[in-house]
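An overview of the molecular structure
The residues making up each chain are set out below.
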Amino acid sequence: EISIQRPGSPKNDGYAFIIFPDPQFCNSFLMNITKVSINNCQMAIHRYPQPAIPPKEPHSHIISCSGSKFLKLKNIEKFQDFTIHTPNKTYLLSSKILSGSSPVIAKQVSAYPFNFEFTLTAEGNYDEVFDSLYGAPLQITDENCMFILEVASKLEIPDLIAAAGSVCYESLTFENVLETLQSLESKGINYNYI
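The text that follows walks through the structure, step by step, so that each part is easy to find.

What counts as what
Residues numbered from 1 in each chain as written. Predicted model: local features only at pLDDT ≥ 70, side-chain atom pairs only at ≥ 80, totals over all residues. Heavy atoms only, no water. Helix = DSSP H or I, 4+ residues; strand = E, 2+ residues; numbered from the N terminus. Buried < 20%, exposed > 50% of the residue type's maximum accessible area, 1.4 Å probe, protein only. Contact = heavy atoms within 4.5 Å. Areas by Shrake-Rupley, 256 points an atom, 1.4 Å probe, with all protein chains shown as cover. Phe/Tyr/Trp six-rings, centres within 6.5 Å; stacked < 30°, edge-to-face > 60°. Expected span 1.5 Å × (residues − 1). Core = buried A, V, L, I, M, F, W, Y, C linked by side-chain atoms within 4.5 Å.

For the rest of this paragraph, the subject is the overall build of the protein chain. Helices and strands together make up the secondary structure of the protein chain, namely seven helices and nine strands. The buried share of the protein chain, reckoned over its 194 residues, is 30%. For the protein chain, long-range pairs separated by at least 24 residues make up 54% of all intrachain contacts whose partners lie at least 6 apart in sequence. Carbon and sulfur atoms form 55% of the exposed surface of the protein chain, whose accessible area is close to 13,200 Å².

We now examine the packing of aromatic side chains. Under the counting rule described, the total for this entry stands at five aromatic pairs. Centroid distance Tyr 91 to Tyr 126: 6.4 Å. Interplanar angle 55°. Geometry classified as tilted. Here the residue Tyr 91 occupies a position in strand E7 (residues 90–93), and Tyr 126 occupies one in helix H4 (residues 126–133), the gap between them amounting to 35 residues. By relative accessible area, which is 8% here, Tyr 91 ends up buried. Between Tyr 126 and Phe 147, the ring centres sit 5.1 Å apart and the planes meet at 85°, which makes this aromatic pair edge-to-face. Of this pair, Tyr 126 sits in helix H4 while Phe 147 sits in helix H5 (residues 145–155), and the two are 21 residues apart along the sequence. The buried category is assigned to Tyr 126, whose relative accessible area is 2%. Under the relative-accessibility criterion, Phe 147 is labelled buried at 11%. Aromatic ring contacts, followed pair by pair, group Tyr 91, Tyr 126, Phe 130 and Phe 147 into a single cluster.

Moving on, we get to the environment of His 46. Looking at the element boundaries, His 46 is found in the loop between strand E4 (41–44) and strand E5 (59–61). Classification of His 46 as exposed rests on a relative accessible area of 67%. Residues His 46 and Lys 35, spaced eleven residues apart in sequence, show a C-alpha to C-alpha distance of 9.2 Å.

What follows concerns helix H6 (residues 158–169). One turn of the α-helix equals 3.6 residues, which is why residues spaced by three or four share an orientation. In this model, H6 (twelve residues) spans 16 Å end to end at C-alpha, consistent with the 16 Å of a helix rising 1.5 Å per residue. When H6 is considered as a whole, its buried residues turn out to be Leu 160, Ile 161, Ala 163, Ala 164, Gly 165, Val 167 and Cys 168. At its buried positions, H6 is contacted by E5, H4, strand E9 (138–140) and H5.

This part takes up the nonpolar core. The biggest cluster of nonpolar side chains holds 39 residues, and the ones touching the most others in it are Phe 130, Leu 155 and Leu 160. Sort the elements by how many residues they give to this core and H5 lands first, with seven residues. The residues touching Leu 160, leaving out its near neighbours within four places in the chain, are Ile 63, Val 129, Leu 138, Ile 140, Ile 148, Ala 152 and Gly 165.

As far as function goes, none of this settles anything; it's purely spatial.
In structure tokens:
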């Protein structure tokens, strides 16, 4: 497989990259051929150094419109007027705090004067997500980004959809993009990031 880079930048101008399916083929080629001619231009042949792949850092994001000082309100009973049911737990949270970040909760709070309830079915760590709504930083990784994207889509939290979507985007390839799109669409999850 030979890729000749288009002229235009000092970094790429005049370079051609040859990819071999097996390192042994590359070694044999380099032992036998040291120069090649393209359009009467002599080119030297060298092994291209493989760049080191830096370790992936988890992304941290704060999505709350409230400062971290609101975290202390999370466990004060008089503020816990919104119930969210998840597969493993029931959360009592503040509708005033949540509605600042979530339009769907703001709509429910204005439509119904008491007993707000909401059900979420995705499997994952809701503690981190709800803490982030109160102002705690949320770490989004390759492992939890799809769960966070699903929860953010159901709660309609634009900042969190964008943050989780950008991490999910990193794992997209030409091979898996259609499968990912169909999976998100079937669950009613926001797929704009694709």
